[in-house]
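Summary of the model geometry
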Amino acid sequence: MLKGKVAVVTGSTSGIGLGIAQALAAKGADVMLNGFGEPAEIEKLRAGIAETHKVRAAYNGADLSKPAETRGLIEATIAQFGRLDILVNNAGIQFVSPVEDFPEEKWEQVLSINLSAAFYAIKYALPGMKARNWGRIINIASAHGLVASINKSAYVAAKHGILGLTKVVGLETAETGITANAICPGWVLTPLVQKQIDAIAARKGISNEEASRELLSEKQPSKQFVTPEQLGELVLFLCSDAASNLRGTSLSMDGGWTAQ
Ligand code: NAD
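To start, this report covers the structure provided alongside it. (Residues numbered from 1 in each chain as written. Predicted model: local features only at pLDDT ≥ 70, side-chain atom pairs only at ≥ 80, totals over all residues. Heavy atoms only, no water.)

Brief notes about the sheet that holds strand 3 (residues 57-60)
With parallel pairing, 7 strands are arranged side by side in an open sheet as 3-2-1-4-5-6-7. The open sheet is flanked by strand 3 and strand 7 (250-253), the only strands paired with a single partner. Going across the sheet, the axis of each strand differs from the next one's by a mean of 20°, ignoring polarity. By the bridge criterion, 4 bridges tie strand 1 (residues 6-9) to strand 2 (residues 30-34) in an arrangement that is parallel. The residue bridging Ala7 from the neighbouring strand is Val31, located in strand 2. Lying over the sheet, helix 3 (residues 67-81) contacts strand 1, strand 2, strand 3 and strand 4 (86-89), oriented at roughly 150° with respect to strand 2. Along the sheet face, helix 8 (residues 228-239) touches strand 4, strand 5 (135-140), strand 6 (178-185) and strand 7 and points at about 160° away from the line of strand 6. (Pairing = 2+ DSSP bridges. Helix = DSSP H or I, 4+ residues; strand = E, 2+ residues; numbered from the N terminus. Axes fitted to C-alpha atoms, helices over the stretch in contact; angles between N-to-C directions. Contact = heavy atoms within 4.5 Å.)

Quick word on the packing of aromatic side chains
By the definition in use, this model includes 3 aromatic pairs. Centroid distance Phe119 to Tyr120: 5.0 Å. Interplanar angle 65°. Geometry classified as edge-to-face. Take Tyr120: its relative accessible area is 26%, and that puts it in the partly exposed class. Centroid distance Trp187 to Trp257: 5.2 Å. Interplanar angle 45°. Geometry classified as tilted. In this pair, Trp187 sits in the loop between strand 6 and helix 6 (191-204) while Trp257 sits in the segment after strand 7, placing the two residues 70 residues apart along the sequence. Classification of Trp187 by relative accessible area gives buried; the value is 7%. Positioned above the aromatic ring of Trp134, the side-chain terminus of Lys5 is 4.3 Å from the ring centre. (Phe/Tyr/Trp six-rings, centres within 6.5 Å; stacked < 30°, edge-to-face > 60°. Buried < 20%, exposed > 50% of the residue type's maximum accessible area, 1.4 Å probe, protein only. Lys NZ or Arg CZ within 6 Å of the ring centre and 35° of its normal.)

Structure (structure tokens):
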């Protein structure tokens, strides 16, 4: 289905991004991985994807808090693979604190990685997509793009912002073969969420299982984590012809979180 297409998935050395990169490779797309981690571990992931799915897989360690490196990631992908068809803006971080104590540098960091990086990546990916009149831009937002929680000012602001950016790009490409949409996941058990479970467990002196249950039951009616594999399948749908008139919108996969 995606043979001959080239995808960049930002923040794909872990969690949701890795699940999405694997789903795209399973359908034949060549993939550029990005994110932080142990070089040997990342090389294992890269080689595993290339071998299992018989695709080209590469890795670029751009730090997406830096606009020049985000631009570099897009340019390196086009230089290495000759094109870029699918851009998944997934890299993201969390920081939790009441507004009045929120460190200013953390605000800047969350905004730059969770929102500005998507703008820069889209800006530099679009010309090539327009030249071929085909493209898929998929922004990984969050239930926190639609509703808020306390102590997550930067994250919630960035995620609401990325839905706005998605709408604008969806409109600007509305008469082309390029679509821009967002996905709003609920809780997914990844290192980003495990840190929040650890904090609950430490604060309340409860086990990992009890803390997970507490985290889920507060927000997610299904009381089950969404999985990276399920999100990977949703990305594949957005890449399909059937999704060619989904434009500038967001799809929630949140176990019912935002239906409440
Ligand atoms: P994760 O911590 O498992 O993965 C984050 C990825 O981003 C990693 O590959 C990491 O190396 C990379 N990254 C972090 N800072 C970076 C930087 N400066 N430059 C380049 N890469 C960087 O997190 P995850 O839970 O898989 O989150 C992925 C996305 O999904 C994020 O945008 C997050 O906000 C969103 N999301 C997660 C959940 C959840 O419950 N886990 C829910 C909704 C939305």
